[in-house]
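This is what each chain is made of:
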Amino acid sequence: MKSRETMTIESKESQTQNLLRLKAKLMSQIFNLLDYFEVQDYFTTDVMIIGSCPVHDGDNPQAFNINIDPSSDYYGSWFCNTKHCHEGSNDILSLVGELLAKKSGRPFSFVEVLNFCKDFTKNVNVEFTANISRQDTLSSILEKNSKTQIKGRYTRSQVRSRLKYPCSYYLDRGFSSDALDYFDVGVSEDKNSEMYQRAVFPIYDENDEYMIGCVGRTICGDSKKWKNKKGFNSASFFYNYGKAIKEIDRCGTIILVEGQGDVMKLYMAGVKNAVGMFGSSLSDSQVFLLQKSGALNVVIMSDNDDAGNKVRQEAHEKLKYSFNIHDVITPANDVGDMEPSQIDSIIKPQLKGLY
Ligand SMILES: [Zn+2]
């Protein structure tokens, strides 16, 4: 396992800003960067670098793209359209990681990639502008992946007015009323609602303002235990992203868990920077949200079972050049099954400096 020490880039600003700024510096030096790696086989449009893929040495002269349009959400993203070398994290750090590994014929660690990038850009200054922020990221994912209307979405207070509180189903299962209130988990008693007789978990946008979807767990023994709101594609989002983002700005770390219950139990133990994957896989949209979060450290705390181990490996592979990855293995099947006192004594020591 890796060292539990948290990484820092510089101390003056938040780590989030520093990592996003580092990526912006790299992009401002993109042609020098390509020169350094002896990448020559490309041409440039206003918005794109187009060439053959330097990662797998492809011969298709247009298969490799880097987005150089500062107004795009995908500024700094790269793509290999033949062998999909970009799969997983495809930010500029991951391209540097791939090219460093290829140039020297050995794998590089995230710390080595980060140090190379800091050194490469040490005399570069850039304006920190909105194009490298998280602005509108979630909205663009929403448009692509969900039938949910962006306009006319419910505010948090509108959501709460439609649900009944407190949710005794989860109170009886060891969740605190404070946690259920914090996450707006209530019960739908509206017979016309698709969430009727379910404990409803609203999912909010990156500002924690508007509901972008919800999932509901049956409280009356329906054979379908969990249900997504119609048109809501949970695999594209994270549970608790909006609230966690504020914590990530402070501590530079995001914690990946599988379920909503895991997020709530960690909250009850004072750990507020966890997001839920809605299951045991990590989609490209979720990787993109991680890249945009500005987090330097990613903690993987998937379930302690076969599916959880699989997503752990998947996450290591997808995120290896873009984040400092930490593993936390839970003694129970998942952290949502643990008592707060167990989380205090077993999990939190493993999260030192990471929440
Ligand atoms: Zn390729």
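Everything discussed here concerns the structure shown above.
Residues numbered from 1 in each chain as written. Predicted model: local features only at pLDDT ≥ 70, side-chain atom pairs only at ≥ 80, totals over all residues. Heavy atoms only, no water.

Helices and strands together make up the secondary structure of the protein chain, namely 13 helices and 12 strands. Across the 355 residues of the protein chain, 55% fall into the buried class. Expressed as a percentage of contacts within the protein chain between residues at least 6 apart in sequence, the contacts between residues at least 24 apart total 63%. Accessible area for the protein chain stands at about 15900 Å²; split by element, carbon and sulfur atoms hold 46% of it. (Helix = DSSP H or I, 4+ residues; strand = E, 2+ residues; numbered from the N terminus. Buried < 20%, exposed > 50% of the residue type's maximum accessible area, 1.4 Å probe, protein only. Contact = heavy atoms within 4.5 Å. Areas by Shrake-Rupley, 256 points an atom, 1.4 Å probe, with all protein chains shown as cover.)

By size, the foremost hydrophobic cluster in this structure holds 36 residues, and its most contacted members are Tyr170, Ile255, Leu266, Met301 and Ile347. Mapped onto this core, the elements with two or more residues apiece are helix H7 (168-171), helix H8 (177-182), strand E6 (198-204), strand E7 (211-218), strand E9 (253-257), helix H10 (260-268) and helix H13 (340-347). By residue number, the principal contributor to this core is H10, which donates 4 residues. Built from parts of two domains, this core gets at least three residues from each of domain 2 (147-232) and domain 3 (241-351). Those residues in contact with methionine 301, other than ones at most four positions away along the chain, are Ile255, Leu256, Val257, Leu266, Arg312, Val328, Thr330, Val335, Ile347 and Leu351. (Core = buried A, V, L, I, M, F, W, Y, C linked by side-chain atoms within 4.5 Å. Domains from an automatic or database assignment.)

Turning next to the layout of surface pockets. Space inside the largest pocket adds up to approximately 520 Å³. Along the wall of the largest pocket there are 23 residues; nearest its centre are Tyr170, Trp226, Gly259, Gln260 and Gly261. Every element with two or more residues in the lining of the largest pocket is listed here: H7, E7, strand E8 (226-228) and H10. The dominant element in the lining of the largest pocket, judged by the number of residues it contributes, is H10, at 4 residues. Tallied by class, the residues present in the lining of the largest pocket amount to 6 nonpolar, 8 polar and 9 charged. Viewed by domain, the lining of the largest pocket spans two of them, domain 2 (147-232) and domain 3 (241-351), each represented by three or more residues. Approximately 300 Å³ is the volume attributed to the second largest pocket. Lining the second largest pocket are 13 residues, with Tyr154, Arg162, Ser193, Met195 and Met211 sitting closest to its centre. Split by residue class, the lining of the second largest pocket holds 7 nonpolar, 2 polar and 4 charged. (1 Å grid on protein atoms, 1.4 Å probe; cavity = no way out; pocket = protein on both sides within 12 Å on 5 of 7 lines; lining within 4 Å. Points joined across faces, edges and corners; volume = space filled by probe spheres on them. Nonpolar A, V, L, I, M, F, W, Y, C, P; charged D, E, K, R; others polar.)

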